[in-house]
Amino acid sequence: MPYGWVEPDIFLEHGGVTIYHVYKDDEIDNVIREYWYTWREDGGELTPWRFDVRDIATALGMSVSDFDEIEEVIKKAIDLGLLTKDGPLGFPEDDECCPQCESEYVYYDRARFNHEFDVDDDGAYVVLKCSKCGFKRVFRPEIGEVSV
């Protein structure tokens, strides 16, 4: 049986950023993943281009018990600059290597499971960590990459 690609449903558009639903096993006929979202039309459950909204909510001290709260968390993350049209702040290009060990696609592989969102006295930030050597990169809105 032939299969075709169908664009995922848009969850929200805010501040120039479009966020799409993610579907179980990346099958549009399956249920949507309540807490996983993507910023790319071709992103999904089985791709690195997704994020778990609970990670952002925890960092921001917010709740995600229903879709209204999930929408508010994502909008706040966009307003703070944690989520951009290109994904989480600092999310690597598809062909970017780790600057420490130069492993190809290391960030790409790691990011499919976790990029960490956090907040401190200086505001919100994103941490990307190499899954091979552990090298960390920290990104802050309006500043960009900062040393760790």
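The notes below deal with the structure included here. These numbers were taken from a predicted model, which means no experiment stands behind them.

Conventions and cut-offs
Residues numbered from 1 in each chain as written. Predicted model: local features only at pLDDT ≥ 70, side-chain atom pairs only at ≥ 80, totals over all residues. Heavy atoms only, no water. Helix = DSSP H or I, 4+ residues; strand = E, 2+ residues; numbered from the N terminus. Buried < 20%, exposed > 50% of the residue type's maximum accessible area, 1.4 Å probe, protein only. Contact = heavy atoms within 4.5 Å. Areas by Shrake-Rupley, 256 points an atom, 1.4 Å probe, with all protein chains shown as cover. Salt bridge = Lys/Arg side-chain N within 4 Å of Asp/Glu carboxyl O. Arc of directions from axis to C-beta. Expected span 1.5 Å × (residues − 1). Polar contact = N/O pair within 3.5 Å; in protein donor to acceptor, adjacent residues only side chain to side chain.

**Regarding the overall build of the protein chain**
On a plain count of helices and strands, the protein chain comes out with three helices and ten strands. N-terminal to C-terminal, the α/β element order of the protein chain is β-β-β-β-α-α-β-β-α-β-β-β-β. Within the protein chain, buried positions represent 40% of all 148 residues. When contacts within the protein chain are restricted to residue pairs at least 6 apart in sequence, those whose partners lie at least 24 apart make up 38%. Here the protein chain displays about 8,400 Å² of accessible surface, and carbon together with sulfur accounts for 44% of that area.

**A short note on the pattern of salt bridges**
Applying the stated criterion to the full structure yields six salt bridges. Put simply, Asp 52 and Arg 54 hold a salt bridge, and the shortest N to O gap is 2.7 Å. The buried category is assigned to Asp 52, whose relative accessible area is 14%. By relative accessible area, which is 37% here, Arg 54 ends up partly exposed. Across the pair Arg 140 and Asp 120 runs a salt bridge whose closest N-O atoms are separated by 2.6 Å. Taken as a pair, Arg 140 in strand E9 (residues 136–140) and Asp 120 in strand E7 (residues 116–120) lie far apart in primary sequence, 20 residues in all. Relative accessible area serves as the criterion here: at 12%, Arg 140 is assigned to the buried category. Taking the relative accessible area as the measure of exposure, Asp 120 reaches 33% and is therefore partly exposed.

**Points about unusual backbone geometry**
Despite not being glycine, Glu 142 has its phi angle at roughly 65°, a positive value. Examined against the element boundaries, Glu 142 turns out to sit in the loop between E9 and strand E10 (144–146). Judged by its relative accessible area of 87%, Glu 142 is exposed.

**Some points on helix H1 (residues 53–60)**
Along H1, the residues that are buried comprise Val 53, Ile 56, Ala 57, Ala 59 and Leu 60. Buried residues of H1, viewed axially, fall in a sector of 165°; they line one side. Against strand E3 (32–38), strand E4 (51–52), helix H2 (67–80), strand E5 (83–84) and E7 lie the buried residues of H1. Just downstream of H1, Gly 61 is the residue with a positive phi angle, here 70°.

**Some points on H2**
For H2, with 14 residues, the first-to-last C-alpha span of 20 Å sits near the 20 Å given by 1.5 Å per residue. Inspection of H2 places Ile 70, Val 73, Ile 74, Ala 77 and Ile 78 among the buried residues, and these make up the whole buried set. Viewed along the axis of H2, the buried residues span an arc of 135°, placing them on a single side of the element. Of the exposed residues in H2, the ones pointing more than 90 degrees away from its buried face are Asp 68 and Asp 79. Contact partners of the buried residues in H2: strand E1 (10–14), strand E2 (17–23), E3, E4, H1 and E5. Backbone nitrogen of Asp 68 and a side-chain oxygen of the N-cap are separated by 3.0 Å at the start of H2; the cap is Asp 66. A positive phi of about 90° marks Gly 81, the residue just after H2.

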